[in-house]
Amino acid sequence: MIDTPTSPITSGLPLFFVITVTAIKQGYEDWLRHKADNEVNGAPVYVVRSGGLVKTRSKNIRVGDIVRVAKDETFPADLVLLSSDRVDGSCHVTTASLDGETNLKTHIAVPETAVLQSVANLDTLVAVVECQQPEADLYRFVGRITISQQIEEIVQPLGPESLLLRGARLKNTKEIFGVAVYTGMETKMALNYKSKSQKRSAVEKSMNSFLIIYLMILLFEAVLSTILKYAWQAEEKWDEPWYNQKTEHERNSSKILRFISDFLAFLVLYNFIIPISLYVTVEMQKFLGSFFIGWDLDLYHEETNQRAQVNTSDLNEELGQVEYVFTDKTGTLTENEMQFRECSINGIKYQEINGKLIPEGLSEDFPDGFRQSLMKEEELFLKAVCLCHTVQISADQTDGIGDGHWHTNGIVSKLEYYASSPDEKALVEAASRVGVVFTGTTGEGMEVKSLGKPERYKLLHILEFDPNRRRMSVIVESPSGEKLLFTKGAESSILPHSRGGEIDKTRIHVDEFALKGLRTLCVAYRRFTAEEYQEIDRRLHEARTALQQREERLADVFNFIEKDLELLGATGVEDRLQDKVQETIEALRLAGIKVWVLTGDKHETAVSVSLSCGHFHRTMNILELVQHKSDSTCAEQLRQLARRIKDDHVIQHGLVVDGTSLSLALREHEKLFMDVCKKCSAVLCCRMAPLQKAKVVRLLKTSPEKPITLAIGDGANDVSMIQEAHVGIGIMGKEGRQAVRNSDYAIARFKFLSKLLFVHGHFYYIRIATLVQYFFYKNVCFITPQFLYQFFCLFSQQTLYDSVYLTLYNICFTSLPVLMYSLFEQHVHPHVLQSKPTLYRDISKNALLGFKPFLYWTILGFFHAVVFFYGSYLLMGEDTSLLGNGQMFGNWTFGTLVFTVMVITVTVKMALETHFWTWINHFVTWGSIVFYFIFSLFYGGIIWPFLHTQDMYFVFVQLLSSGSAWFAIIIIVVTCLFLDVVKKVLCRHLQPTSTEKAQIYSNRVALSDEFIALQPLSRARNQLSKIRWKRIRVQSAQHMTLLKAGTEGRTIGNC
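Worth saying up front: this structure is predicted, and the values here are computed from it rather than measured. (Residues numbered from 1 in each chain as written. Predicted model: local features only at pLDDT ≥ 70, side-chain atom pairs only at ≥ 80, totals over all residues. Heavy atoms only, no water.)

Notes on the packing of helix α6 (residues 202–232) against helix α9 (residues 255–270)
Our working rule: To get an axis, fit a line to the C-alpha atoms, keeping to the stretch in contact for a helix; angles then go from 0 to 180 degrees between the N-to-C directions. A helix here means a DSSP run of H or I that spans at least four residues, while a strand means a run of E at least two residues long, and both kinds are numbered starting from the N terminus. For this classification, under 35 degrees means roughly parallel, over 145 means roughly antiparallel, 65 to 115 means roughly perpendicular, and everything else is oblique. By convention, the crossing between two helices is left-handed when the near helix turns anticlockwise from the far helix through less than a right angle, and right-handed when the turn is clockwise. Any two residues having at least one pair of non-hydrogen atoms within 4.5 Å are treated as being in contact. Here the term charged refers only to Asp, Glu, Lys and Arg, the term nonpolar to Ala, Val, Leu, Ile, Met, Phe, Trp, Tyr, Cys and Pro, and the term polar to all other amino acids, Gly among them.
At a minimum axis separation of 9 Å, α6 and α9 run at an interaxial angle of 135°. Judged on the interaxial angle alone, α9 and α6 are oblique. The handedness of the crossing between α6 and α9 comes out as right-handed. Of the residues in α9, those in contact with Leu-218, Leu-219, Glu-221, Ala-222, Val-223, Ser-225, Thr-226, Ile-227, Lys-229 and Tyr-230 of α6 are Arg-258, Phe-259, Asp-262, Phe-263, Phe-266, Leu-267 and Tyr-270. In terms of residue class, the contact of α6 with α9 is made up of eleven nonpolar, two polar and four charged.

Section: the pattern of salt bridges
This is how it is decided: The term salt bridge refers to a pairing of a side-chain nitrogen on Lys or Arg with a carboxyl oxygen on Asp or Glu at a separation within 4 Å. Here the term buried applies to any residue with accessible area under 20% of the maximum for its type, exposed to any over 50%, and partly exposed to those in between, with areas from a 1.4 Å probe on protein chains only.
The tally for this structure, following the rule as stated, stands at 42 salt bridges. The partner of Asp-65 in a salt bridge is Arg-49, and the shortest N-O contact between them spans 3.2 Å. With Asp-65 in the loop between β2 (52–57) and β3 (66–70) and Arg-49 in strand β1 (residues 44–49), this pair connects stretches of sequence that are 16 residues apart. A relative accessible area of 14% places Asp-65 in the buried class. On the basis of relative accessible area, Arg-49 is assigned to the partly exposed category, the value being 35%. Residue Glu-323 pairs with Lys-845 through a salt bridge whose shortest N-O separation is 2.9 Å. A residue pair is termed long-range when its members are at least 10 positions apart, and Glu-323 in the loop between β13 (309–310) and β14 (324–327) and Lys-845 in the loop between α30 (830–835) and α31 (851–876) qualify at 522 residues. The exposure class assigned to Glu-323 is buried, which follows from its relative accessible area of 16%. Residue class for Lys-845 comes out exposed when judged on its relative accessible area of 61%.

Remarks on the UniProt feature "binding site: Mg(2+)" (unreviewed entry) in the chain
Inclusion rule: UniProt positions are given in the numbering used here, feature names are shortened, and annotations may be inferred rather than shown by experiment. Nitrogen and oxygen atoms within 3.5 Å of one another constitute a polar contact, given that in protein one can donate a hydrogen and the other can accept it, and given that sequence-neighbouring residues count only through two side-chain atoms.
With numbering aligned to this structure, UniProt lists the feature "binding site: Mg(2+)" (unreviewed entry) at Asp-328, Thr-330, Asp-714 and Asp-718. The named residues occupy 391 residues along the chain; their greatest pairwise C-alpha distance, 10.6 Å, places them in one compact cluster. Within the secondary structure, Asp-328 is located in the loop between β14 and β15 (334–345). Note on Asp-328: relative accessible area 4%, which makes it buried. Asp-328 has contacts with Leu-333, Leu-598, Thr-599, Lys-693, Ile-712, Gly-713, Asp-714, Asp-718 and Met-721, leaving out every residue within four places of it along the chain. Polar contacts involving the side chain of Asp-328 include one to the side chain of Lys-693, which spans 3.4 Å.

Quick notes on the confidence of the model for the chain
As a reminder, the rule being used: The quantity called pLDDT is the predictor's confidence in a given residue, expressed from 0 to 100.
Looking at the chain, the pLDDT average stands at 80 and 83% of residues meet or exceed 70. Counting contacts from residues 398–413, a segment whose pLDDT is below 50, to residues more than four positions away or on other chains yields 27 contacts.

A few points about the environment of Ser-90
Note on placement: Ser-90 falls in strand β5 (residues 90–95). Every residue in contact with Ser-90, bar those within four places of it in the chain, is listed here: Ser-84, Thr-106, His-107, Ile-108 and Thr-173.

Digging into a nonpolar patch on the surface
Short version of the rule: Distance thresholds for patches are 9 Å for like charges and 5 Å for nonpolar side chains (Val, Leu, Ile, Met, Phe, Trp, Tyr), applied to residues having over 30% relative accessible area and no salt bridge. Residue exposure ignores everything except the shown protein chains as possible cover, and the areas themselves are Shrake-Rupley values with a 1.4 Å probe.
A contiguous nonpolar surface patch, about 610 Å² in accessible area, is contributed by Val-223, Ile-227, Ile-256, Leu-257, Phe-259, Ile-260 and Leu-264. Broken down by secondary-structure element, the contributors of at least two residues to the nonpolar patch are α6 and α9. Here the element with the most residues in the nonpolar patch is α9; it accounts for five residues. Mapped onto the elements of the fold, Ile-256 is located in helix α9.

The following block contains the structure:
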């Protein structure tokens, strides 16, 4: 049996506290998830059974149940649409909770079931649905329905347009009926649940490394103490002194077992050097500190009423360590608000001026009545734009289109369009302004008004867009009965399939549009004879009803249809830059962060936008690795680029890579490619697939230097790189919220990235780095006197401190000052940090948690511990009487003196590290010292009946009654901290760092109302009230009420 030097409660209570706090936090989060699951699984739904509607819970739905869903309700399972309240069996849904797209999507039932609009009719339905096994792809569904009608069976294909996904919401439709095909964990939403790979910050890795070192120190001290004990006991007088005779059992026990027992006892005695409470303090700091990002008014976007969002608090400090930023272009650097600028029709460039298409070079000062009509080619081009799309009109407007208000040129006013693609919406709106208006769909028809003349086209087939073809098409029947194919897409997918039209001129115009930074699309058409259309219709039906290899068959049919096209023209749509993008990218560059732009846009457009946003400088040497088809040519080009960079090492270089060349470069020349990229100041990757974006991030992330990476994007195509990077940031843009949901942090605009990194990231890293180092320092101060004390008690494992002090040191006496420091510290004013991005370099590469700072704090801890112990020993060690009655102090008084000096010193040391003082810091810092004295007086001044022994009775009171003890406390504390103060003063004046220079400058900066969100809540609210009145005073009287109402809501709590 091991005779432990401390009680189990003393050793176990801190561990129990840490585990309990962590368990409460994890349990609370699990309870919230459980509560949310119950709300979803227990939601009421109605199913058709026995000729009526039966109410049940969503978790009770089984495959084959016919479910009724009403307007604005979510679908409880994956349903095949059977019918709706509309005659054509169509309905509109939003899938914002699945893919983030907020636009309305149209789903259509097969004609045979669309007529079954009542519960009674549906109860008589006899049908069999065959479909593929469950898979996660939201946009893929292959199946067919066989409907038994009297003596015949009708087979109809089922595709994504027939499937209503669980989690989507019914809109603009009174009710629908659908049959459940996938339920529970087999639904596409459930299959898309993906546990993110656990991201660990560099600080966590450093903490674990330090912990291993301290574990080695613990083992060394325990082994050394055990060896010294037996070396001391080699003398007989110390092995068995007259006052401590051994028992017979002790004399006959195994020496090996005694050695192990003593070793374990010393481990228990010294185990407090391992800062167990560090982990729970770090968890609390991260959790509480993350609220400051959401509260920051500078990260609040007033136009969209969106504030910054924290999805994970584990990576706060990683924001201060970023070395590479990978950013999407569309919707991230740009607004994703498309505006039609130019087009090319039949080889002639046009601009829109005052709602009219004007050929290039023609003045806009034309006489009235000029160009009131459209040429045949122009009208056909605009009709193609109005028919080949997925645009929808608000349901509130479709019913009254015929009676709407008209302009003099016959255009419907105030039609509100919805589209999944901003490009399509911009093109349809532009066509409506110049005279060809898409007025909606009715059943199988699409209605268009050309200069007021209504035309109805029958929609025969839609050839959906896919990333391989990079185009979409529709087959329609014109009012004259002619079968037409209209198609639009990227120029690389349209021009090679065109055999007529002004192909060469259009290609030149497309390149000119791209050089201006415009997004380009080409438009073409094809006429079918009756025989051709019959063949196409037959092949499409066969491919769409196939259960095996349906997608491959459809791709073959689509390629068969989309050939021999007549080119109509091309469009140029502008996506303007977001506010302050150029300034943000320049600030990132000054901070030593390299920016890579990864986009799916074409080469010319991407380069133009990179130049306009400051990613590429005009003076930068632009290198290109594009349009390579073989490994050999790609490798040769890479070697040439490497030589050019080496020869021209003085100037900055920028690199442009396209998707195909990137694939070749990564196949066999990865090291050479990475060497070229790292020597370039900026890299632009265009024509990138989503998985290629993630591969590039992974390539940098796993390189030998292992830099910290950050990926930022706004669309579903950015999710892979956001999840791959060390830190993923989603932009709350117009492409939905899928990127936001999969990110670690979410902001409304790219410009907020500078504040997030340079201020919040800087602060978080400084705070947690000091927190970690300080925790190890104060535990060294705590246990080293215990180790030194063994030299004076013959290594008898006598404890220096009372067990209550051992327990409460980390839990109560020294925990709050460092926690408050880690929440509120601002070593430099936020305005200075944001205006001087170069300060970010001072903390890069985990500078404050390197081996040198760690060694400094550890040596400082040992030095202070030696001063604590020997300073107290010099005062009391030679049987000196410190009381007036000649009474001498004992070992508990000595230990209490050491402990008192230690608590005061480590607390004041934290005060010396603090630059930003709030009333909370003052309260917990000086309050911790006061609490220690009050607690010790009560603990030692009263006889507690539940304690078996009370060694500390009246010890603390007796200690404080000695003037010499007070003098010793002051002298020892000053001695410990004097060298710290001298070091800080000398370093600051003789070799100040850029951060220390900024601290001097920031002391002269008045408190700016722009950065109040980082203040404590009370101060922030006071500053908010000042902002309101200050801003109101400069406004005109007529705006006072409006502005005050707008700013009242922007409080720290609810931004």
